[in-house]
There are 2 protein chains.
Amino acid sequence: MDIYVALVHHPVRNRKGDVVTTAVTNLDIHDLARASRTYDVRGMYIVTPLEQQRSLVSRIIAHWQEGEGTTYNPIRGEAFTRVRVAASTEDASLDIETKCGRRPLWVATGANLDRETIPYDSLRERIEAEDGPLLLLFGTGWGLTDEFLQRCDQWLPGVRAVEGRGDYNHLSVRSAVSIILDRLLGDR
Amino acid sequence: MDIYVALVHHPVRNRKGDVVTTAVTNLDIHDLARASRTYDVRGMYIVTPLEQQRSLVSRIIAHWQEGEGTTYNPIRGEAFTRVRVAASTEDASLDIETKCGRRPLWVATGANLDRETIPYDSLRERIEAEDGPLLLLFGTGWGLTDEFLQRCDQWLPGVRAVEGRGDYNHLSVRSAVSIILDRLLGDR
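What you are looking at is a predicted structure, and each value in this text was computed from that prediction instead of being measured.

Engineer: So what exactly am I meant to see when it comes to the sheet that holds strand β4 (residues 43-47) of chain A here?
Structural biologist: Pairing between the strands of a sheet comes from backbone hydrogen bonds, and it takes one of two forms, parallel or antiparallel. Residues and elements named next belong to chain A. One open sheet holds the 6 strands; their spatial order is β5-β4-β1-β7-β6-β8, and the pairing between them is parallel. Edge positions in the sheet fall to β5 (83-86) and β8 (154-155), since each has one partner strand and no second. Packed onto the sheet, helix α2 (residues 51-65) meets β4 and β5 and runs at close to 165 degrees relative to β5.

Engineer: Would you explain the pattern of salt bridges in this entry?
Structural biologist: A side chain of one charge can pair with a side chain of the opposite charge if their charged atoms are brought near each other. All names here are of chain A. Counting across every chain of the model gives 26 salt bridges over all chains. The salt bridge partner of D28 is R174, with a shortest N-O separation of 2.5 Å. You can see D28 sitting in helix α1 (residues 26-38) and its partner R174 sitting in helix α8 (residues 173-185), a full 146 residues away along the chain. Neither residue differs from the other here; D28 and R174 are each classed as buried. Measuring nitrogen to oxygen at the nearest pair gives 3.1 Å for the salt bridge that ties E130 to R126. Look at E130 and you get partly exposed, because its relative accessible area is 33%.

Engineer: Can you walk me through the relation of the copies chain B and chain A in this structure?
Structural biologist: Both copies of the chain are related by one operation, a rotation about an axis with a shift along it. Superposition record for chain B on chain A: RMSD 0.0 Å, screw rotation 180 degrees, translation along axis 0.0 Å. The transformation just described matches what one would write down for a two-fold rotation axis. Within chain B, the C-alpha atom positioned nearest to the axis of rotation is that of I179(B), 2.5 Å from it. Most of the interface of chain B is mirrored in chain A, where 100% of its interface residues again form contacts.

Engineer: Help me understand the sheet that holds strand β5 (residues 83-86) of chain B, please; the structure alone is not making it clear to me.
Structural biologist: All names here are of chain B. Spatial strand order, β5-β4-β1-β7-β6-β8: 6 strands in an open sheet with parallel pairing. A strand with exactly one partner marks an edge of an open sheet, and here the two such strands are β5 and β8 (154-155). Where strand β6 (residues 105-108) and β8 come together, 2 bridges link them in parallel fashion. Counterpart to A108 in the pairing with β8 is W155. Set on the sheet, helix α1 (residues 26-38) makes contact with β1 (3-8), β4 (43-47) and β5; between it and β4 the angle comes to about 160 degrees. Against the sheet, helix α2 (residues 51-65) engages β4 and β5, with an angle of about 165 degrees to β5.

What counts and how
All residue numbers refer to position in the chain's written sequence, counted from 1. Following the order in which they are written, the chains are lettered starting with A and the ligands numbered starting with 1. Residue-level local features of this predicted model are given only where pLDDT is at least 70; pairs of side-chain atoms are given and counted only at 80 or more, and the full residue set underlies all totals for whole chains, interfaces and linings. Side-chain calculation: all heavy atoms of the structure are included, whereas hydrogens and water are not. In short, DSSP must find at least two bridges between two strands for them to pair. Numbering of helices and strands runs from the N terminus; a helix is a DSSP stretch of H or I covering at least four residues, while a strand is a stretch of E covering at least two. Any two residues whose heavy atoms approach within 4.5 Å at even a single point are treated as in contact. Interaxial angle, 0 to 180 degrees, is taken between N-to-C directions of lines fitted to C-alpha atoms, where a helix line uses only the stretch in contact. Here, a salt bridge means any Lys or Arg side-chain nitrogen found within 4 Å of an Asp or Glu carboxyl oxygen. Think of it in three bands: with a 1.4 Å probe and only protein chains considered, a residue is buried below 20% of the maximum accessible area for its type, exposed above 50%, and partly exposed in between. When the copies are overlaid, the least-squares fit takes in C-alpha atoms only where the residue has pLDDT of at least 70 in both copies.

Here it is in structure tokens:
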């Protein structure tokens, strides 16, 4: 399967549970671009309804792909070929559908999804066996809203350590994306 | 085994291959603290010979453990209980030896270690079966120097995607630490 990633800045929750739009973080884009390129993610969408934030991301992409960044660090520029911007996850999904001729399977991630989840190994096998695009969804802030989760096709369990090593699971979204891509696509 | 992590800022290479001391990055500390807490890493050492950088790290730790950070986000403070500072990897190793009564096994990581490496599954089994501390070493910048690598006991292969998904492997150190902890200690 062709894998796509969306880093969703809206609709997500804040610490108090309110639905908010988080700010784009420069380092998220860098880390996710590098991880996306490493695991052959076809497109890594930065999703935000804020036009100014989307144009900020576009400027960062241009810096590394066309601007001074190309001579400073061409390897980084290569990673940035995978980064896209979208005003909503639906827009990202339509963009993928246009490219692949099929709507992607929406697979949500989160630390504590109160739903029936698909085991990592099952999704890994499905990725190897099937065609058709898959869109992995990551929420920023304190995670994707319940209403949003409801619209997804599948849900992955929260990343955790083996039993006996505690139950803290407050990873950064940068760590979570990296680990989940490795669980699904790593050479283990 | 009790797992420890060292994020090494010296001796590492820069883009040109020179041996340098890199600057401490605030977000590295946050992401690695959260990943360390999630995988029950007993101590995550920020290693730098620069005294000013060590006191900066100590101030960041204090902010989240004793200062305003404790009320703003107590969960983050909990992650910071795992963070330590050390002037050198040898100092970190001696600190672990004092705690555990045994010198830790030094296990180096890197994108392209030109050495005989131990497979992740073998080290995972060893962690489950054996006692005694293990120190995972991560280089910042463009990686640990050859002289430093020579002093380690074991070397892990660079993190890569499954065959057919290309051979780019320029992950951020934040991504690399997260993925390697998950490969060794995750609940897959």
